[in-house]
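So the chains spell out like this:
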Amino acid sequence: MLSETEKLTLSHVFIVEDEQIVAEDLRQILLKKGFVSVSLFSSGEEALEESQRRPPDLILMDINLKKGIDGITTGERLMAKRYVPILFITAYTDEETLERAKSLRPYGYIIKPIEERELLINVEMALYRYRAERQIREAEERSQEIFDKNDTPLLLLDRRDGKLLDINRAALDLFGKSREAVLGFPPERLFGDETPLTPFREALGRLEKGVPVTCRITVPTPTDKKVLLQASAKNIHLADRDVIYVSLYDITERFQFEEQAKILQKKLIQADKMKSLGMLTSSLAHEVNNPNSFILFNVSLLRDAWQDASGILQRHSENVGDFLLGGLPFSEMKEALPKLLSGINEGALRIKNLVDNLRDFSRNDKGSEELDDSVDILKVIRSSLVIMDYQIRKCTNNFSLDLPEALPPLKGNSQMLEQVMINLISNALQALPRKEASLSIRAFADRVEKVVRVEVVDQGVGMSSQTMNRITEPFFTTRAAVGGTGLGLYISHSIVRLHKGEMSFFSRPGVGTRVVLTFPPCREEDER
């Protein structure tokens, strides 16, 4: 393995000197030292021509060449094509010439008459320095290439003022900017003035503690699409300054997946709650239904008993005059008691109807996925209204229902369609801004198009065209802040499509919304 000194002797050296004796002395000194490649030139033009064929590693050049261009001009032309270390040889020169020589940043000056020891020291020092600088330069070029070609958007910021010192191609492509447009400017020039950078600035402020920091920022892109970036920053020391190294990671999809996972988790929890609620409802319905059955049976018995007793009591009052019955005069009680019994009967029937609907809605039928039943859509609407009755009375004083006596039956599943109606009614009620705002439900048969339509119309806040375009997308919701999952209309729309129907939306902000369900009726062979 070659020593460092032996490596130096393999360098190719140019000696550009028009004094032949001096040039030969220099060559002999270098050959004696072990240099194996030393070329002599008496003019700058000769050296330039040879450098095209075989570039030198070091040039010993007389400043005051008498023939052709001088040493400084020769050096300038060589440097324009390839950086080469130069040692100038001179006996004397004026200040102006020395100033010109300084512009080439020579590795040293050798004064005539030349001493061997001084020459060798200067030559070895120049080659050592050149090799070291070349290694540093190559390392920097490799680092810059790695920086530029990295697929991750990268930034270098000045620690003193936070301005951009460098940016790689991936970052330029992400923001659609040119290097010249952003270098030397604050990050706002890159991210966009409308981008709130407070989290980013706060994160950089925490770098004073020497700990890498991360933050999230939302930035616009050239396609007007906003992306969520995670910025990771840390302090590093380069050759001449301290900088902040920032890596940007596009986590938009990951964030969306995380949010969807959270929503799905909430949905699973809600589904589990609904399963438990269904079991509770079924149990509660059983517990309520038993005593309610006693009420209905006893009311019927009491009504019959009153019919039998009322005649006897009437004759008794004619004989003895009016008398108290249950704390009221008989003359009043004979009018009030039938109404009381009728009210108790109606209330018990209402309880029975509500319990039956709750039990049907919460029941996990094995055939709930089947769509082969003949469905009375009017019965579906009425059943939904029984369940939603309290919410309707709570949210609006202006509810109207327009149903015909009969409609053609549909082919499908009544429980699934009941879920659709409950969802539409619930959404309409939530959109009402005040209790005076109206909600109306209408069902009818379109004889021309031979379809059955159901309309749910509200005087709610309405929807923009952008919202309407996404209203049936899964997980899209305008009520995320109050627990909306964005799945209600998506599921309802899917159910309607399973029934070969259509769900249409018509809405204006501040006016209200009309939802139209359109279903094909059963064919005669389906009914059979």
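None of these values were measured; they are calculated from a predicted model.

Quick look at the sheet that holds strand β9 (residues 226-237)
At step 1: Reading across the sheet, the five strands line up as β7-β6-β10-β9-β8 and stay open at both edges, with antiparallel pairing between neighbours. On the outer flanks of this sheet lie β7 (164-167) and β8 (213-220), each paired with one strand and no other. Going from strand to strand, the sheet's axes swing by 30° on average, the running direction of each strand aside.
At step 2: Across three bridges, strand β6 (residues 154-158) lies against β7 in antiparallel orientation. Paired with leucine 155 across the strands is isoleucine 167, a residue of β7.

Looking at helix α10 (residues 198-205)
At step 1: Looking at α10, one finds that the buried residues are Phe200, Ala203 and Leu204. Buried residues of α10 fall within an arc of 100° about the axis and therefore sit on the same side.
At step 2: Buried residues along α10 sit against β6, α9 (188-191), β8, β9 and β10 (242-250).

As for the pattern of salt bridges
At step 1: Summed over all chains, the structure comprises 22 salt bridges.
At step 2: In this structure, arginine 442 engages glutamate 455 in a salt bridge whose closest nitrogen and oxygen atoms are separated by 3.7 Å. Remark: glutamate 455 occurs in strand β17 (residues 451-458) and arginine 442 occurs in strand β16 (residues 438-446); sequence separation between them is 13 residues.
At step 3: The partly exposed category is assigned to arginine 442, whose relative accessible area is 35%.
At step 4: Across the salt bridge formed by glutamate 449 and arginine 453, the nearest N and O atoms sit 2.6 Å from each other.
At step 5: Among the charged side chains, a network of salt bridges with common partners joins Glu17, Glu19, Asp62 and Lys112.

Some details on helix α4 (residues 71-81)
At step 1: What α4 keeps buried is the set Gly71, Ile72, Thr73, Thr74, Gly75, Leu78 and Met79.
At step 2: Close packing links the buried residues of α4 with α3 (44-53), β3 (58-62), β4 (86-90) and α5 (95-102).
At step 3: If you check the start of α4, you find a side-chain oxygen 3.4 Å away from the backbone N of isoleucine 72, and it comes from aspartate 70.

Let's talk about the sheet that holds strand β14 (residues 398-402)
At step 1: A sheet is described by the order of its strands in space; here five strands give the open sequence β14-β16-β17-β19-β18, paired in mixed fashion. On the outer flanks of this sheet lie β14 and β18 (502-508), each paired with one strand and no other. Averaged over neighbouring strand pairs, the angle between their axes works out to 10° when direction is ignored.
At step 2: Here β16 runs beside β17; their pairing, made up of eight bridges, is antiparallel. Within the sheet, the bridge partner assigned to aspartate 446 lies in β17 and is valine 451.
At step 3: Together, β16, β17, β18 and β19 (512-519) form the strand contacts of helix α14 (residues 414-431), whose direction differs from that of β17 by roughly 25°.
At step 4: The sheet contacts of helix α16 (residues 488-498) involve β18 and β19, and relative to β18 the element is tilted by about 135°.

Points about unusual backbone geometry
At step 1: Lysine 112 connects to proline 113 through a cis peptide bond whose omega is -10°.
At step 2: Of note, proline 113 is situated in the loop between β5 (108-111) and α6 (116-149).
At step 3: At arginine 105, a residue that is not glycine, the phi angle is positive and equals roughly 50°.

A few points about the nonpolar core
At step 1: Ile377, Met421, Ile425 and Leu517 are the most contacted members of the largest nonpolar core, which has 38 residues in total.
At step 2: Counting residues per element, the ones that place at least two in this core are α13 (377-395), α14, β16, β17, α16, β18 and β19.
At step 3: Ranked by residue count, the leading element in this core is α14, at nine residues.
At step 4: For methionine 421, the residues in contact, after removing those within four places along its chain, are Val380, Ile381, Ser384, Ile441, Val454, Val456 and Leu517.
At step 5: One finds Val213, Leu229, Val246 and Leu248 within the second-largest nonpolar core, a separate group that totals 27 residues.

Considering the side chain of serine 37
At step 1: With respect to the helices and strands, serine 37 occurs in strand β2 (residues 37-41).
At step 2: Those residues within four positions of serine 37 in sequence are excluded, and the remaining contacts are Ser11, His12, Val13 and Arg54.

A closer look at the environment of glutamate 346
At step 1: By the secondary structure assignment, glutamate 346 is in helix α12 (residues 330-362).
At step 2: Overall, glutamate 346 belongs to the exposed group, its relative accessible area being 52%.
At step 3: Spatially, the C-alpha atom of glutamate 346 lies 9.1 Å from that of leucine 296, the residues being 50 residues apart in sequence.

Focus on the side chain of serine 39
At step 1: Looking at where serine 39 falls in the secondary structure, it is placed in strand β2.
At step 2: Sequence-distant contacts of serine 39, defined by excluding residues within four places in its chain, comprise His12, Val13, Phe14 and Ile15.

Observations regarding the packing of aromatic side chains
At step 1: Per the stated rule, a full pass over the model turns up six aromatic pairs.
At step 2: Aromatic rings pair up to connect Phe175, Phe191 and Phe200 into one cluster.
At step 3: It is arginine 129 that lies over the ring of tyrosine 107; its NZ or CZ is 4.0 Å from the centre.
At step 4: Looking at arginine 514, its charged tip hangs above the ring of phenylalanine 506, at a distance of 4.5 Å from the centre.

Considerations on the packing of α13 against α14
At step 1: Where α13 meets α14, the axes come as close as 9 Å, and the angle between the chain directions of the two elements is 30°. Considering their axes alone, α13 and α14 lie roughly parallel with respect to each other. Once α13 is placed against α14, the crossing between them reads as right-handed. Each of Ile377, Val380, Ile381, Ser383, Ser384, Leu385, Ile387, Met388, Gln391, Ile392 and Cys395 in α13 lies in contact with α14, whose residues at this interface are Ser414, Leu417, Glu418, Met421, Ile422, Ile425, Ser426 and Leu429.
At step 2: Across the contact of α13 with α14, the residue classes tally to 13 nonpolar, five polar and one charged.

A short note on the pairing of β17
At step 1: By the criterion of burial, β17 is predominantly enclosed, with seven of the eight residues buried.
At step 2: Where β16 hands over to β17, the hairpin turn is made up of four residues, of which lysine 450 adopts a positive phi near 55°.
At step 3: Where β17 lies against β19, seven bridges are found, and the strand directions are antiparallel. Along β19, the bridge assignment pairs glutamate 455 with valine 516.

Digging into the packing of helix α2 (residues 20-33) against α6
How two helices pack is summed up by the angle between their axes together with the distance between the axes.
At step 1: α6 packs onto α2 with a crossing angle of 65° between their chain directions and a minimal axis gap of 11 Å. Between α2 and α6, the crossing angle belongs to the class labelled roughly perpendicular. The element α2 and its partner α6 pack so that their crossing is right-handed. Residues Leu26, Ile29, Leu30, Lys32 and Lys33 of α2 lie in contact with α6, whose contacting residues are Glu116, Leu119, Leu120, Val123 and Glu124.
At step 2: For the contact of α2 with α6, the class distribution of residues is six nonpolar, no polar and four charged.

Procedures and definitions
- For every chain, the first residue of the written sequence is number 1, and numbering continues from 1 onward in sequence order.
- Given that this is a predicted model, residues contribute local features only at a pLDDT of at least 70 and side-chain atom pairs are listed and counted only at 80 or more, while totals for whole chains, interfaces and linings are drawn from all residues.
- Water and hydrogen atoms were dropped before computing side-chain values, which therefore reflect all heavy atoms in the structure.
- If DSSP finds at least two bridges between two strands, the strands pair.
- Runs of H or I in DSSP of at least four residues are treated as helices and runs of E of at least two as strands, each being numbered from the N terminus.
- Throughout, an axis means a line fitted to C-alpha atoms (over the contacting stretch in the case of helices), and angles, computed between N-to-C directions, take values from 0 to 180 degrees.
- Exposure classes here rest on a 1.4 Å probe applied to the protein chains alone. A residue is buried below 20% of its type maximum, exposed above 50%, and partly exposed in between.
- Taken from the helix axis, the directions to the C-beta atoms give the arc we talk about.
- Contacts are residue-level and defined by heavy atoms, with any inter-residue pair within 4.5 Å sufficient.
- Counted as salt bridges are all cases of a side-chain nitrogen of Lys or Arg within 4 Å of a carboxyl oxygen of Asp or Glu.
- Under this definition, polar contacts are N or O atom pairs within 3.5 Å; protein pairs additionally need one hydrogen-donor-capable and one acceptor-capable atom, and for neighbouring residues in sequence, both atoms have to be side-chain atoms.
- We call a set of buried Ala, Val, Leu, Ile, Met, Phe, Trp, Tyr and Cys residues a nonpolar core when their side-chain atoms join them within 4.5 Å.
- Pairing of aromatic rings covers Phe, Tyr and the six-membered ring of Trp, with a centre-to-centre limit of 6.5 Å; geometry is then stacked below 30 degrees between planes, edge-to-face above 60, and tilted otherwise.
- Any Lys NZ or Arg CZ found within 6 Å of a ring centre and within 35 degrees of that ring's normal is scored as a charge over the ring.
- An angle below 35 degrees is treated as roughly parallel, one above 145 as roughly antiparallel, one from 65 to 115 as roughly perpendicular, and anything else as oblique.
- Note on convention: the crossing is left-handed when the near helix lies turned anticlockwise from the far helix by less than a right angle, right-handed when the turn is clockwise.
- All amino acids are sorted into three groups, where Ala, Val, Leu, Ile, Met, Phe, Trp, Tyr, Cys and Pro are nonpolar, Asp, Glu, Lys and Arg are charged, and the leftover types, Gly among them, are polar.

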